[in-house]
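Chain by chain, the residues:
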Amino acid sequence: MITDECINCDVCEPECPNDAIYMGVAIYEIDPRKCTECVGHFDEPQCVQVCPVACIPTNPEHVETRETLWQKFERLAAEKAASAPKAAPAADAPAP
Ligand code: SF4
Ligand code: SF4
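Not measured: the values here are computed from a predicted model. (Residues numbered from 1 in each chain as written. Chains lettered and ligands numbered in written order. Predicted model: local features only at pLDDT ≥ 70, side-chain atom pairs only at ≥ 80, totals over all residues.)

> Teacher, can you tell me more about the site of ligand 2 here?
Taken together, 14 residues surround ligand 2, and among them Cys6, Cys9, Val11, Cys12 and Cys51 come closest. Classifying every residue of the shell around ligand 2 by side-chain character gives twelve nonpolar, one polar and one charged. (Near = placed C-beta within 6 Å. Nonpolar A, V, L, I, M, F, W, Y, C, P; charged D, E, K, R; others polar.)

Given below as structure tokens:
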């Protein structure tokens, strides 16, 4: 979670591999449905690493096990693959 100490410096948003960080009403917020604490991508939470004011503690209302976070990573990856546009067949591909 992001506390109200956030200074809206914009540094964390592009670092999130899950697009879980977004600008809220007043400060940046994290969508807990998308945050895997970077499990599946990095060893450490990237937003926590880059935040200059250390205002991203673990959300006590969303304490999740590593197994749960991994399952979330797999679900997100499957959703991303399903929504990715299919590659168009090459123009000189043989007719089926
Ligand atoms: S911990 Fe990782 S996945 Fe979660 S919001 Fe931060 S950068 Fe995104
Ligand atoms: S890096 Fe920290 S201070 Fe900067 S926008 Fe993100 S949460 Fe706010």
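So, next bit.
> Help me understand the site of ligand 1, please; the structure alone is not making it clear to me.
Every one of the 13 residues lining ligand 1 counts as a neighbour, but Cys16, Cys35, Cys38, Pro45 and Cys47 are closest to it. Tallied by class, the residues present in the shell around ligand 1 amount to eight nonpolar, three polar and two charged.

> Which parts of the structure should I look at to understand unusual backbone geometry?
Across residues other than glycine, the phi torsion is negative in most instances, and most of the peptide bonds are trans. In this model, Cys38 sits at a positive phi of 70°, which is unusual for a non-glycine residue. As for its position among the elements, Cys38 is in the loop between β2 (28-30) and α1 (46-50). (Helix = DSSP H or I, 4+ residues; strand = E, 2+ residues; numbered from the N terminus.)

> Explain helix α2 (residues 66-83) here, please?
Helix length check: α2 (18 residues) gives 26 Å between terminal C-alpha atoms against 26 Å at 1.5 Å per residue, within 8%. Within α2, only one of the 18 residues are buried, which leaves it mostly out in the open. (Expected span 1.5 Å × (residues − 1). Buried ≥ 20, exposed ≤ 12 C-beta atoms within 10 Å, placed from the backbone.)

> Help me out: how do you make sense of the environment of Tyr28 in this one?
Checked against the element boundaries, Tyr28 lands in strand β2. Placed 20 residues apart in sequence, Tyr28 and Asn8 show a C-alpha to C-alpha distance of 6.5 Å. Contacts of Tyr28, omitting those with residues within four sequence positions, involve Ile2, Cys6, Asn8, Cys12, Glu13, Ile21, Tyr22 and Met23. (Contact = placed C-beta atoms within 7 Å.)

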